[in-house]
Amino acid sequence: MGSADKSRNVSRKARIEEMRQAERARERRGRGPTPPVSAIVVAALGVGGFLLFSRASDDSSDAKAGSKDWPAYQVNEDGEKVWGKLGRTHVAEKVDYPMSPPVGGDHNQVWMNCNGDVYDHELPEVNAVHSLEHGAVWVTYNDKADPADLKKLEAKVKATPYSLMSPVKDQEDPVMLTAWAHQRTVSGADDPKVGEFFSKYVQGKQTPEPGAACTNGLAK
């Protein structure tokens, strides 16, 4: 009997061990394979890299749309402000230009007519900037400008293709002249700098798109 009992105990222990092994196997199948640590690190880096790339892309897009990164301007010995390279992306939204009137930068795909056009109202800046890209000179004035000067400047603009004129209420000085990346204040219509500015910048070397149309754009 002792020998039989001992045999039964051994068999029972063997079955218990088999059952434990089977249970451990089921648990392993339930959990699934455990990925190695290196795989987890690579996956995390991949996700992190994607998020960083997405954020960088979004920031770049915002910079273009908002024209946030503006080059500093320099004032030459003649008193003219000159900017460096400006953005030229076509955008559908309003652009927050850092100067008034704007001298360039991202703009709407439709230009203001600038074939000697004189406007009696403020213009959408994003359209006027496109005219500058085509090589136009933009004459602007505020409420402090002399009416006699405005009549003379109006006549000059009407006689000059690739120019336009409009009021800009919040500009710093009474009369200002603007071309792509160039801007200056003049004392009035008889200031010799007016003729010099027109001669130099109407379809001048600064023009990003020389010969592009100044008609068939936005007329009002």
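Just above, that's the structure.
First things first, this report covers the structure right here in the doc. (Residues numbered from 1 in each chain as written. Predicted model: local features only at pLDDT ≥ 70, side-chain atom pairs only at ≥ 80, totals over all residues. Heavy atoms only, no water.)

## Topic: the overall build of the protein
Along the protein, the regular secondary structure elements total 5 helices and 7 strands. When the elements of the protein are put in sequence order from the N terminus, they spell out α-α-β-β-β-α-β-α-β-β-β-α. Counting across all 220 residues of the protein, residues that qualify as buried make up 36%. Surface exposure of the protein reaches about 13400 Å², of which carbon and sulfur atoms provide 54%. (Helix = DSSP H or I, 4+ residues; strand = E, 2+ residues; numbered from the N terminus. Buried < 20%, exposed > 50% of the residue type's maximum accessible area, 1.4 Å probe, protein only. Areas by Shrake-Rupley, 256 points an atom, 1.4 Å probe, with all protein chains shown as cover.)

## Details of the side chain of His 182
Note on placement: His 182 falls in strand S7 (residues 182-185). Among the polar contacts listed, one links the side chain of His 182 to the side chain of Glu 80, at a separation of 2.8 Å. Within the structure, His 182 has its side chain in polar contact with the side chain of Tyr 201 (distance 3.1 Å). If sequence neighbours within four positions are ignored, His 182 has contacts with Glu 80, Lys 81, Val 82, Trp 83, Val 103, Leu 177, Phe 197, Tyr 201 and Gln 206. (Polar contact = N/O pair within 3.5 Å; in protein donor to acceptor, adjacent residues only side chain to side chain. Contact = heavy atoms within 4.5 Å.)

## Describing the nonpolar core
Residues Leu 123, Trp 138 and Leu 164 are the most contacted members of the largest nonpolar core, which totals 23 residues. It is helix H3 (residues 125-133) that contributes the most residues to this core, 4 residues altogether. Judged by nonpolar contacts, the second largest core, of 17 residues, contains Tyr 141, Ala 145, Val 157 and Ala 179. (Core = buried A, V, L, I, M, F, W, Y, C linked by side-chain atoms within 4.5 Å.)

## Overview of the pairing of strand S4 (residues 137-141)
A large share of S4 lies buried, amounting to 5 of its 5 residues. By the alternation rule, side chains of S4 split into Val 137, Val 139 and Tyr 141 and Trp 138 and Thr 140, which are all buried. As paired elements, S4 and strand S5 (residues 163-167) share 5 bridges and run parallel to each other. Considered in S5, the bridge of Tyr 141 is made with Pro 167. Where the polypeptide runs from S4 across helix H4 (residues 147-158) and back to S5, its parallel neighbour, the crossover connection is right-handed. (Pairing = 2+ DSSP bridges. Right-handed = clockwise from strand over helix to strand, strands pointing away.)

## What about the environment of Ala 136?
Looking at where Ala 136 falls in the secondary structure, it is placed in the loop between H3 and S4. Among residues more than four places away in sequence, those in contact with Ala 136 are Cys 114, Ser 131, Tyr 162, Ser 163, Leu 164, Thr 178, Ala 179 and Cys 214.

## Observations concerning the state of the cysteines
Considering all chains together, one arrives at 1 disulfide under this definition. Disulfide pairing places Cys 114 opposite Cys 214 at an S-S distance of 1.5 Å. In this structure the cystine formed by Cys 114 and Cys 214 twists about its S-S bond by roughly -85°; its chirality is therefore left-handed. With Cys 114 in the loop between strand S2 (81-82) and strand S3 (115-118) and Cys 214 in the segment after helix H5 (192-201), the pair connects residues that are 100 residues apart, well separated along the chain. Of the two residues, Cys 114 and Cys 214, both sit in the buried class. (Disulfide = S-S within 2.5 Å.)

## Let's talk about the layout of surface pockets
Taken as a whole, the largest pocket holds about 170 Å³ of empty space. The wall of the largest pocket is formed by Tyr 73, Gly 79, Lys 81, Trp 83, Met 99, Ser 100, Glu 172, Asp 173, Met 176, Gln 183, Arg 184 and Thr 185. Classifying every residue of the lining of the largest pocket gives 4 nonpolar, 4 polar and 4 charged. (1 Å grid on protein atoms, 1.4 Å probe; cavity = no way out; pocket = protein on both sides within 12 Å on 5 of 7 lines; lining within 4 Å. Points joined across faces, edges and corners; volume = space filled by probe spheres on them. Nonpolar A, V, L, I, M, F, W, Y, C, P; charged D, E, K, R; others polar.)

By themselves, these figures tell us nothing about what the structure is for.
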